[in-house]
Every structure is written in C-alpha cells, then in structure tokens.
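A structural walkthrough
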Amino acid sequence: QVLLVQSGGGLVQPGDSLRLSCAASGGTFNNRAVAWFRQAPGKEREFVAAIGWSTSGTYYADSVKGRFTISRDNAYMAALQMNSLKPEDTATYYCATRFGEPSRTIGDYAYWGQGTQVTVSS
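Once a new chain begins, its residue numbering starts again from 1 and follows that chain's sequence as written. For this predicted model, a pLDDT threshold of at least 70 governs which residues receive local features, and a threshold of 80 or more governs which side-chain atom pairs are given and counted, while totals over whole chains, interfaces and linings are taken from all residues. The side-chain values count all of the structure's non-hydrogen atoms but skip hydrogen atoms and water molecules.

**Description of the packing of aromatic side chains**
- Two aromatic rings from Phe, Tyr or Trp, using only the six-membered ring of Trp, form a pair when their centres are within 6.5 Å; if the ring planes differ by under 30 degrees the pair is stacked, by over 60 it is edge-to-face, and anything between is tilted. Enumeration over the complete set of coordinates arrives at 5 aromatic pairs.
- Between Phe-37 and Tyr-109, the ring centres sit 5.4 Å apart and the planes meet at 75°, which makes this aromatic pair edge-to-face. One end of the pair, Phe-37, is in strand β4 (residues 32-39); the other, Tyr-109, is in the loop between β9 (91-99) and β10 (111-112), with 72 residues separating them in the sequence. The residues Phe-37 and Tyr-109 share a single accessibility class, namely buried.
- Ring centres of Tyr-94 and Trp-112 lie 6.4 Å apart, and the angle between their planes is 80°; on these two criteria the pair is classed as edge-to-face. One end of the pair, Tyr-94, is in strand β9; the other, Trp-112, is in strand β10, with 18 residues separating them in the sequence.
- Only protein chains enter the accessibility calculation, which uses a 1.4 Å probe. A residue is then buried if its area is under 20% of the maximum for its type, exposed if over 50%, and partly exposed in between. Among the residues examined, Tyr-94 registers a relative accessible area of 15% and is labelled buried.
- A relative accessible area of 24% means that Trp-112 is categorised as partly exposed.
- Seen from the ring of Tyr-94, Arg-45 lies directly overhead, with NZ or CZ sitting 3.7 Å from the centre.
- When the NZ atom of lysine or the CZ atom of arginine is within 6 Å of a ring's centre and also within 35 degrees of its normal, the charge is said to sit over that ring. The residue whose ring lies beneath Arg-98 is Tyr-109, and the NZ or CZ to ring-centre distance is 6.0 Å. A run of H or I in DSSP becomes a helix once it reaches four residues, and a run of E becomes a strand once it reaches two; helices and strands are each numbered from the N terminus.

**Brief notes about the state of the cysteines**
- Whenever a pair of cysteine sulfur atoms sits within 2.5 Å, that pair is classed as a disulfide. Counted under the stated rule, the structure contains 1 disulfide.
- A sulfur-sulfur separation of 2.1 Å characterises the disulfide bridge that pairs Cys-22 with Cys-95. Here the disulfide of Cys-22 and Cys-95 is right-handed, its torsion about the S-S bond being about 65°. Here the residue Cys-22 occupies a position in strand β3 (residues 18-25), and Cys-95 occupies one in strand β9, the gap between them amounting to 73 residues.

**Some thoughts on the confidence of the model for the protein chain**
- A score between 0 and 100, pLDDT records how confident the predictor is in each residue. Here the protein chain shows a mean pLDDT of 95. Residues at 70 or above account for 98%.
- When mean pLDDT is taken per element in the protein chain, strand β11 (residues 116-120) scores highest with 98 and strand β7 (residues 68-74) scores lowest with 93.

**Focus: the environment of Ala-24**
- For Ala-24, the location among the structural elements is in strand β3.
- Sequence separation between Ala-24 and Thr-97 is 73 residues; the distance between their C-alpha atoms is 9.4 Å.
- By definition, residues are in contact when any of their heavy atoms lie within 4.5 Å. Ignoring sequence-local partners within four residues, the contact set of Ala-24 consists of Val-2, Leu-3, Leu-4, Phe-29 and Tyr-76.

**Let's talk about unusual backbone geometry**
- Residues other than glycine seldom take positive phi values, yet Asn-31 does so here, at roughly 65°.
- Along the polypeptide, Asn-31 turns up in the loop between β3 and β4.
- Here the phi dihedral of Ser-84 falls at roughly 50°; this positive angle occurs in a residue that is not glycine.
- Positionally, Ser-84 belongs in the loop between β8 (77-82) and β9.

**Some words on the sheet that holds β3**
- Strands qualify as paired when DSSP identifies two bridges or more between them. Across the sheet, which stays open at both edges, the 4 strands sit in the order β1-β3-β8-β7 with antiparallel pairing between neighbours. Looking at which strands have only one partner, the edges of the open sheet turn out to be β1 (3-7) and β7. Taken over all neighbouring pairs, the strand axes of this sheet differ in orientation by 20° on average, direction set aside.
- For β7 and β8, the ladder comprises 6 bridges, and the chain directions are antiparallel. Counted as the bridge partner of Ser-71 is Ala-79 from β8. Axis definition: a line fit to C-alpha positions, over the contact stretch in the case of helices; interaxial angles, taken between N-to-C directions, run 0 to 180 degrees.

Set out below in structure tokens:
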C-alpha cells in the first residue's frame, strides 16, 4: 500500500509556471509507473502525463506536449513541471501510480493523490 501526498498548485497568470509534486509514503515509486490526470469543473478526469519505471519513457496528452514535463526526482518523489500555462489548464490535478507500464486509462491506477487545484487566470 502506498499513500500519495501532493503539493504545489495555486493561482497563476497565463504564461506562468508551476511545479506539482507527488510524494510516496508507506512505499516507493520503484517498479511503478507514475501519471498525472486532471479534472476541470463539469468535465471528466483526463490523462495529462505519465512516466515509466523500466525505461523512464514519458507520455503526454497532446494538449500539454511541449509545455509540461513529468519527472521522477527519486524513489519517493515525482513531479509535474508546467510551463506556459493557459486558462484551459485550470483544473484539479491528481497524481497516480500503478505497478507495471504507464497507462492513459484512469481505471488502471489503484493509488491516487488527494488532488491539488491549479487556476490560471488574469
């Protein structure tokens, strides 16, 4: 069992940057894929980015490619660096983890962080 604790987020202006962190407690990210999803008000939760364990390959939604970077800082910490933020990036962001390879499917992830709000507004 692993508990994910998120930090970061907040209110920023368009074009600004934010870094979200996801810390593993009671376990590590070893042998696990880590992903970020987001959910805007009135919309379904959607895939944002994922990183594998075996190859550390990274995967991104088209809407964030080139602006967001997912990383593993160590066995206990993962992050999502968000640059050139847009109003449409406003959402609650969730980190998630699973054993095995990364997936873009919400149901493939058993462990989730508590969510953190990101608001991009002028």
